[in-house]
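# Working through the structure, step by step
If you want the building blocks of each chain, they are given just below.
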Amino acid sequence: MNSSTTVRTARRRTLRVAAAALTAAAALALTACSGSDAAGAKPASHSDTAKAAVESSGAGSSAGLPGSDAQASAGAKADAKANAKADAMGQQSGSAHAAIGGRAASPVRTQRLADGISKAEIYQLGDQHYRATIVARGSVLATMETKGHDDGLDANDMFVTLTLDGQVRSWMGGGHQGPGSFELAGGWTAKVTKVGELRYRAQIIGHDGVAATLETNQHDVGLDANGVSVVLSSGGVISAHE
């Protein structure tokens, strides 16, 4: 082998070593970069995840957080339960007031009625405001009440009136079936007309013309006409007693 051949062989070996060195250096550089990125990255914590969820839904908002729907539903149920309890208490309070204004209070007096069986329990509810409960054999048959005017009742041909000052009068029979004109006790005349189903009107006429008008609206009515008690029933029967 001459000197020229020896030089070329040495040059080729040098090039191979240099190429291998460059390849190894590149591999080391890639490994170092990969390791640096892995070392610099931190695993996401639960708090970071929750914070990201809050920020994505708006600052200060709880929307999107686990359990927020369940908490809202529980709050709505609690409010509904509280409202229902308040309503029940209000209803009980209303019932108590009604009882105080009705038979829970003691009657101012009890009065036997014309049939000899029934009695009227009379309660004062206010100024010129009275209620009379008609009771027979322990059962309530009817209730009468003055509300700015006298009241009346036809209880199977027993007629009862309750006046604004709490006076009760009762009598048996003497009824006239309307429509028509009828002479009443005390010199009064009643002109009865039918104005609808279970609705009758009676004009109480004296020497000076019409003194009063009674009208039923599915409820018996009555009045005191200068000491004469008058009842007009929802069926058109009128009766008076002096």
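Since the structure is predicted, the reported quantities are computational estimates derived from the model, not experimental observations.

So, how was this worked out
- Residues numbered from 1 in each chain as written.
- Predicted model: local features only at pLDDT ≥ 70, side-chain atom pairs only at ≥ 80, totals over all residues.
- Heavy atoms only, no water.
- Pairing = 2+ DSSP bridges.
- Helix = DSSP H or I, 4+ residues; strand = E, 2+ residues; numbered from the N terminus.
- Phe/Tyr/Trp six-rings, centres within 6.5 Å; stacked < 30°, edge-to-face > 60°.
- Contact = heavy atoms within 4.5 Å.
- pLDDT = per-residue confidence, 0-100.

Turning next to the sheet that holds strand β14 (residues 228-232). The strand order across the open sheet built from four strands is β8-β15-β14-β13, with neighbouring strands paired in antiparallel fashion. Edge positions in the sheet fall to β8 (176-177) and β13 (221-225), since each has one partner strand and no second. Direction of pairing for β14 relative to strand β15 (residues 237-241): antiparallel, over a ladder of four bridges. What sits directly across from Ser229, in β15, is His241.

Next up on the list: the packing of aromatic side chains. Under the counting rule described, the total for this entry stands at one aromatic pair. Between the aromatic rings of Phe159 and Trp171, the centroid separation amounts to 5.9 Å while the plane-to-plane angle is 25 degrees, which identifies the pairing as stacked. On the criterion of sequence distance, the pair formed by Phe159 in strand β6 (residues 158-162) and Trp171 in strand β7 (residues 168-172) is long-range, its members being twelve residues apart.

Locating Val221 in the fold gives a position in strand β13. Between the alpha carbons of Val221 and Met144 there is a distance of 9.4 Å; along the sequence they are 77 residues apart. Apart from the residues lying within four places of it in its own chain, the contact partners of Val221 are Asp151, Gly152, Leu214, Glu215, Thr216, Val230, Val231 and Leu232.

Sheet topology note: the β6/β7 ladder contains five bridges and is antiparallel. Its bridge partner being in β7, Leu162 is matched across the sheet by Val168. With antiparallel pairing between neighbouring strands as the criterion, β6 and β7 make up a hairpin whose turn holds five residues, including Gly166 at a positive phi of roughly 85 degrees.

Residues at a pLDDT of 70 or more form 57% of the chain, whose mean pLDDT is 73. Predicted confidence for residues 80-104 stays below pLDDT 50, and this span has twelve contacts to residues more than four positions away or in other chains.

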